[in-house]
Amino acid sequence: MEETDLRELCRNFCHYYKPLKNEDFKCRGYLVVMELINKGKNLSFDKTDAILDEGTIRMLSKKLCLSCSFYENDCDFAAHVEKAPPCGGFIFLGHLVSEEVLKVEDMDCLKR
Ligand code: SF4
C-alpha cells in the first residue's frame, strides 16, 4: 500500500490532521497500522461514530503512546489536556480491537 492511501486513515479519524502539512514524524498509531497492512492485514478506513470504552483507551495508551515519538512533548492526549482526543491511528486501532478485528497483541507488531 502506498503512503498516500494511509492519508484516508488520518482524514477520517484524526482530529489533528492538517491536509496541507506533510509530517516527517508519524505517530505510533499510524506506524502500527502501516506495519499491520505491510504484514497482510486488510484494513479499511470507514468512519464510525462508535465511542471507545475506557478499558480499550487504557490498554492502547500503554501499547501505543509510551513508545510514540509525540509522547513526551507533542501530544495533548498523552499530556492529559482536558478533552484532547487521541490521534487517528489510536482511535482507528481502538475500534478494531473493540470489534475483535485485531487483538491487543497486534499492537506489538513493531519494535519499540
Ligand atoms: S495518542 Fe498521542 S502519544 Fe498516543 S500514539 Fe497517538 S500521537 Fe502518539
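Each remark here, short or long, concerns the structure printed above.
Note that the structure is predicted; figures quoted are calculated from it, not measured.

Peer 1: Hey, could you go over unusual backbone geometry for me, with residue numbers and the actual values?
Peer 2: Positive phi values are uncommon outside glycine, yet His80 reaches one of about 60°. Positive phi, close to 65°, is recorded for Lys83, a residue that is not glycine. Considering the arrangement of structural elements, one finds Lys83 in the loop between helix H3 (54-63) and helix H4 (88-98). Classification of Lys83 by relative accessible area gives exposed; the value is 79%.

Peer 1: So what's going on with the layout of surface pockets? Which residues, and what values?
Peer 2: The volume enclosed by the second largest pocket comes to roughly 210 Å³. Around the second largest pocket, the lining residues are Asn12, Phe13, Thr48, Asp49, Ala50, Ile51, Leu52, Ile57, Pro85, Pro86, Ile91 and His95. Listing elements by their share of the lining of the second largest pocket, those giving two or more residues are helix H1 (7-13) and H4.

Rules of the game
Residues numbered from 1 in each chain as written. Predicted model: local features only at pLDDT ≥ 70, side-chain atom pairs only at ≥ 80, totals over all residues. Heavy atoms only, no water. Helix = DSSP H or I, 4+ residues; strand = E, 2+ residues; numbered from the N terminus. Buried < 20%, exposed > 50% of the residue type's maximum accessible area, 1.4 Å probe, protein only. 1 Å grid on protein atoms, 1.4 Å probe; cavity = no way out; pocket = protein on both sides within 12 Å on 5 of 7 lines; lining within 4 Å. Points joined across faces, edges and corners; volume = space filled by probe spheres on them.

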